Amino acid sequence: MTGAIGLFGGTFDPIHFGHLKTVAHVASELDLPQVLFILNARPPHREAPVASESQRREMLELALQDYPGFEIDDRELHRRGPSYSVWSLRALRSVHGQRSLCLILGADAFAGLRGWFHWEDVLALAHIVVMPRSGWRPQSVDLPIRYAERAEIRRRPAGAVVVCNAPEVPISATSVRARIGAGDGPGGCLPDAVWLYIQREGLYGVDTNSTRGNHAG
Ligand code: ATP
């Protein structure tokens, strides 16, 4: 396969339409034939996820089956210690040679880039594609970068920061877990297969006796 590869990391606790719809938009806008969803096994900068590594992997697998070109990358499950993204980027760079790699980040994750382990190496390894989130302005970012045109992604393998026009999808995994725990159902925030899995596994304090379906409230 040729063309730039999209990389999208997350804890996916659980995967939701805020991830899927925005990344689908980016893949189409930037003409990315393949996006790897990199499961962040042991996030270094936040609380431990609620669902186990294998549960989050299974939910990801169920969600991605409806999205051709979206694939799981579970290399962080096979590594010991904290899941530093830069290690995955180094490994992917060594596999893909001079192919263009695009690390897709929500604006909240991009704003925290300076706190990443070896963050200065990220742009040597990949381009960054930022998905705007509510209230975010490119000018407000405190990083020594300049934004580039989209065409830069085709010209070199790494180093450009591009802002894309992904639609605002006001969903977070935190809000999904809260809804489910409060007995409100997922409110259409998740693929049906993921919601069924959550019910089967009894995740996030789900009320397994509730009759409320995915599209309730
Ligand atoms: P949590 O609420 O548990 O922090 P999350 O929904 O933000 O989770 P993560 O798995 O932590 O999801 O995030 C992975 C990536 O997805 C980050 O780059 C984040 O900015 C991005 N992201 C999450 N939700 C959205 C959304 N609704 N729109 C755009 N990007 C999103």
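All of the points below concern the structure found in this document. What you see is a predicted model; the values in this text were computed from it and never measured. (Residues numbered from 1 in each chain as written. Predicted model: local features only at pLDDT ≥ 70, side-chain atom pairs only at ≥ 80, totals over all residues. Heavy atoms only, no water.)

Concerning the nonpolar core
Across soluble globular proteins, nonpolar side chains have a tendency to be buried as a group. By size, the foremost hydrophobic cluster in this structure holds 46 residues, and its most contacted members are Phe-37 and Ile-198. Elements with a minimum of two residues in this core: α1 (17-29), β2 (34-39), α2 (53-64), β4 (101-106), β5 (127-131), α7 (173-181) and α8 (192-201). With 5 residues, the top contributor of residues to this core is α1. When residues of this core are assigned to domains, at least three map to each of domain 1 (5-163) and domain 2 (173-205). Not counting the four nearest positions on each side in its chain, Phe-37 is found in contact with Phe-8, Phe-12, Ile-15, Leu-20, Val-23, Leu-60, Leu-64, Phe-70, Glu-71, Ile-72 and Asp-73. Ile-5, Leu-89, Leu-92 and Phe-110 belong to the second-largest nonpolar core, a separate cluster that totals 24 residues. (Core = buried A, V, L, I, M, F, W, Y, C linked by side-chain atoms within 4.5 Å. Buried < 20%, exposed > 50% of the residue type's maximum accessible area, 1.4 Å probe, protein only. Helix = DSSP H or I, 4+ residues; strand = E, 2+ residues; numbered from the N terminus. Domains from an automatic or database assignment. Contact = heavy atoms within 4.5 Å.)

Notes on the pairing of β2
Of all 6 residues in β2, 6 are buried; the element is thus mostly enclosed. Burial of β2 is two-sided: the residues Gln-34, Leu-36 and Ile-38 facing one way and the residues Val-35, Phe-37 and Leu-39 facing the other way are all buried. As judged from the 6 bridges shared by strand β1 (residues 5-10) and β2, these two strands associate in the parallel manner. In the sheet register, Gly-10 faces β2, and the bridge partner there is Leu-39. Read as a crossover between parallel neighbours, the route from β1 over α1 to β2 is right-handed. Pairing of β2 with strand β3 (residues 70-73), which is carried by 4 bridges, proceeds in the parallel orientation. Paired with Phe-37 across the bridge in β3 is Ile-72. Running through α2, the crossover from β2 to the neighbouring parallel element β3 is right-handed. (Pairing = 2+ DSSP bridges. Right-handed = clockwise from strand over helix to strand, strands pointing away.)

A word on the pattern of salt bridges
Taken as a whole and judged by the stated rule, the model has 12 salt bridges. Across the pair Asp-73 and Arg-75 runs a salt bridge, and its minimum N-O distance is 2.9 Å. For Asp-73, a relative accessible area of 8% gives the class buried. We classify Arg-75 as partly exposed; its relative accessible area is 25%. A salt bridge links Asp-142 to Arg-114; the nearest nitrogen and oxygen atoms lie 3.8 Å apart. With Asp-142 in the loop between β5 and α6 (152-155) and Arg-114 in the loop between α4 (107-111) and α5 (122-125), the pair connects residues that are 28 residues apart, well separated along the chain. (Salt bridge = Lys/Arg side-chain N within 4 Å of Asp/Glu carboxyl O.)

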